[in-house]
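Structural description and commentary
The chain contents come next:
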Amino acid sequence: MQLSWTAVNDLLPALKRQQVLDKQSLQDLETEVYCGLLQAFNDNPPSSDGETQLEALWLQVPKSLRQVPAILIAYVDALVKVDCSDKAFSLLIKGLKTQWHGDLINRLGALKVKDSKKQLATAEKWLEEHTDDPQLLMALGRICRHMGFLGKARDYIKATIAIAP
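Residues numbered from 1 in each chain as written. Predicted model: local features only at pLDDT ≥ 70, side-chain atom pairs only at ≥ 80, totals over all residues. Heavy atoms only, no water.

Describing the side chain of Ser-85
Residue placement: Ser-85 occurs in helix 5 (residues 85-98). Here Ser-85 falls in the buried class, since its relative accessible area comes to 11%. Non-local contacts of Ser-85, meaning those with residues more than four positions away in its chain, are made with Leu-79, Val-80, Leu-111, Lys-112 and Val-113. (Helix = DSSP H or I, 4+ residues; strand = E, 2+ residues; numbered from the N terminus. Buried < 20%, exposed > 50% of the residue type's maximum accessible area, 1.4 Å probe, protein only. Contact = heavy atoms within 4.5 Å.)

Comments concerning the nonpolar core
Ranked by internal contacts, the top residues of the largest apolar core, which has 49 residues, are Leu-38, Leu-54 and Ile-71. The biggest single contributor to this core is helix 4 (residues 69-81), with eight residues. Once you skip the residues sitting within four places of it in the chain, Ile-71 turns out to touch Thr-31, Tyr-34, Cys-35, Leu-38, Trp-58, Val-61 and Leu-65. (Core = buried A, V, L, I, M, F, W, Y, C linked by side-chain atoms within 4.5 Å.)

Describing the packing of helix 2 (residues 23-43) against helix 4
As a packed pair, helix 2 and helix 4 sit with axes 9 Å apart at the nearest point and diverge in direction by 15°. Accordingly, the angle class assigned to the pair helix 2 and helix 4 is roughly parallel. The handedness of the crossing between helix 2 and helix 4 comes out as left-handed. Touching Thr-31, Tyr-34, Cys-35, Leu-38, Phe-41 and Asn-42 of helix 2 are Ala-70, Ile-71, Ala-74, Tyr-75, Asp-77, Ala-78 and Lys-81, all from helix 4. (Axes fitted to C-alpha atoms, helices over the stretch in contact; angles between N-to-C directions. Parallel < 35°, antiparallel > 145°, perpendicular 65-115°, else oblique. Left-handed = near helix turned anticlockwise from the far one by under 90°.)

Below you can see the structure in the form of structure tokens.
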């Protein structure tokens, strides 16, 4: 039996009203539901107008949950799927400004955006504060590899291995 995330999502208001779950359990459930909805979109993206449908789905996510790393990552993955990498990049930057999270950094390094120079400059600026962060170093290596800076990519990847073999 496959879980219908839409059906579970429809139950959320009743669960809130009835106060069936404590606040943390409810937030955990909401996180799981919205991640599930976004993953379901990712697994079966629409053949046309995917960006609009994804935006409508994102608007269902409460603003208080949009910076939860798991939800943000699921949304970023969906944006990449509908060819909106630049929007995904902006969201990752915003998310990383509010909270430093390794999975967000990993997604940043995997993105192929139009303005890779800005992507590289942003990540290198963060390196000043997070000098020994292996995820950031790996992300920098990936960004440099995408840009064709193979020597620089090698240096970042070697630094990653030195910190976290």
